[in-house]
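Remarks on the overall topology
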Amino acid sequence: MEQANVKYNFEYDRKLNICFIGAGGHSFRNIYPTFQYAPVDLAAICDKDADRAAAYARQFGARAVYTDYREMLEKEKPDAVFIVTSYTPEGRVQATDIALDALKAGVHVWMEKPTAASVEEVQQLMKASRDNNRYAMSGLKKVFFPAIAKAKQIISSPEFGTPSSIYVRYPQDIPAFAERSDLRKLKGFLDHLYHPASIIHYLMGKIGSIAYEREPFNGGTVTNMRFLNGAVGTLHMPAGVSGSSPLERLEVVGSGANVVVENGVKVTYYRKAARPAYGRSASYLVDDQAAPLHWEPEHSLGQLYNKNIFYLGYVPEVLHFCESILNGQPPQKGTLEESLEIAKLFEAYRYSPEGSPIVINGQ
Ligand SMILES: NC(=O)c1ccc[n+]([C@@H]2O[C@H](COP(=O)([O-])OP(=O)(O)OC[C@H]3O[C@@H](n4cnc5c(N)ncnc54)[C@H](O)[C@@H]3O)[C@@H](O)[C@H]2O)c1
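Rules of the game
Residues numbered from 1 in each chain as written. Predicted model: local features only at pLDDT ≥ 70, side-chain atom pairs only at ≥ 80, totals over all residues. Heavy atoms only, no water. 1 Å grid on protein atoms, 1.4 Å probe; cavity = no way out; pocket = protein on both sides within 12 Å on 5 of 7 lines; lining within 4 Å. Points joined across faces, edges and corners; volume = space filled by probe spheres on them. Helix = DSSP H or I, 4+ residues; strand = E, 2+ residues; numbered from the N terminus. Nonpolar A, V, L, I, M, F, W, Y, C, P; charged D, E, K, R; others polar. Near = heavy atom within 4 Å. Polar contact = N/O pair within 3.5 Å; in protein donor to acceptor, adjacent residues only side chain to side chain. Areas by Shrake-Rupley, 256 points an atom, 1.4 Å probe, with all protein chains shown as cover.

Focus: empty space enclosed by the protein
Scanning all chains against the criterion turns up two cavities of 30 Å³ or more. By volume, the largest cavity is sized at about 90 Å³. As for the largest cavity, its lining consists of Ala 197, Ile 200, His 201, Gly 205, Ile 207, Glu 341, Ile 342, Leu 345 and Ile 360. Among the secondary structure elements, those contributing two or more residues to the lining of the largest cavity are α7 (187–204) and α10 (336–351). In the lining of the largest cavity, the residues fall into six nonpolar, two polar and one charged. Of the volumes computed, that of the second largest cavity is approximately 60 Å³. Every residue along the wall of the second largest cavity is listed here: Ile 148, Val 168, Arg 169, Tyr 170, Ile 199, Glu 248, Arg 249, Leu 250, Val 261 and Gly 264. Those elements that place two or more of their residues in the lining of the second largest cavity are β7 (165–169) and β11 (249–253).

Below, the structure written as structure tokens:
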């Protein structure tokens with residue numbers, strides 16, 4: 001968490017004047033509620049469904065309701081707009097075109113992932129952002145998880161050594177290669193690839209090349225990655241796990257040290273420690289100075305940190321956007337540059353069959 005102490009909305013002196021496009025399920029559960037803790041004044045909400053927009057306006061305290069977002073941006077002239085929409089019938093991301101319109105209207109954009117369904121579309125957003133001098137940030141919530149931010153801090157410390165390899169597990173199937181020309185069949189994959197891919201890019205940097213193998217039973221994959229900096233990694237996207245199983249596991253190995261994040265919240269830092277003498281040590285308990293460090297949230301108190309809108313990164317990502325815009329700075333996380341790298345990875349799976357190396361970024 002970037003802020004040690006979280007302010008409540010009404011405690012902020014300076015706020016962004018914002019509008020919101022989309023009154024759907026995810027935004028109701030996870031995005032509008034973040035505004036309790038963010039420097040925003042929610043002026044208006046737009047949804048194609050006027051009744052839903054009106055219900056959300058009552059629930060979350062917006063003053064006006066629209067069904068046409070262009071009219072809303074024109075009339076309200078907000079500093080920024082939040083976009084949480086869905087997919088077109090062809091499987092394209094609705095938010096891509098809406099974000100382009102908003103940037104051209106001179107409005108900063110926070111948009112839910114996926115940012116776009118192709119490299120070209122992300123590049124169009126980058127151009128619109130540059131041309132109109134407005135920022136666009138995507139909701140790459142994983143890089144705002146306190147546990148993932150902690151892992152980043154640990155692997156960036158000199159004691160950890162160079163991050164040399166990474167393992168990420170994220171359950172997700174991908175359809176057979178022949179079906180991938182149809183974007184509609186890739187909706188689930190596009191929707192979720194953003195999660196592990198954003199973690200991988202955040203922790204290890206740009207990928208040079210990948211090669212993947214897919215099993216035909218459930219559509220699960222394993223992907224080997226070589227990063228531009230020489231490190232290696234494995235992305236395990238199993239399909240067919242139990243609905244009762246935690247989804248995610250992450251491990252980064254440095255030089256004599258490693259960090260593990262389980263289930264998005266449990267962090268264990270295995271600090272540099274000598275292995276107890278082989279064949280002679282009666283105890284596995286290393287000295288306190290070298291012992292592993294472990295964190296996990298308590299779930300007893302009515303704290304902010306054990307609300308999902310905090311430990312799943314939603315409040316931190318919204319705060320990062322608002323504070324960046326209020327300070328006249330570009331957001332440092334959830335950037336279009338990160339979305340571009342994710343789009344390159346998406347296209348690698350979409351257009352290249354399993355089994356052979358695929359270049360993501362040339363040396
Ligand atoms: N980060 C996460 O944890 C997470 C979780 C779930 C969903 N999501 C993302 O959130 C997005 C929305 O998901 P959802 O399940 O809430 O979808 P949804 O279909 O419930 O909601 C989308 C809403 O957008 C509205 N809409 C679409 N186009 C519009 C337009 N041009 N003008 C005004 N309103 C418009 C629709 O009427 C609908 O009410 C998706 O991009 C999904 O990937 C992210």
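Structural notes on the site of the ligand
Every one of the 22 residues lining the ligand counts as a neighbour, but His 26, Asp 47, Thr 85, Lys 141 and Tyr 314 are closest to it. A distance of 3.4 Å is found between an oxygen atom of the ligand and a backbone nitrogen or oxygen belonging to Ala 23. Coverage of the ligand by the protein amounts to 78% of the 860 Å² it exposes when considered alone. Secondary-structure elements contributing two or more residues to the shell around the ligand are α1 (25–31), α4 (94–104) and α7. When its residues are assigned to classes, the shell around the ligand shows eight nonpolar, eight polar and six charged.

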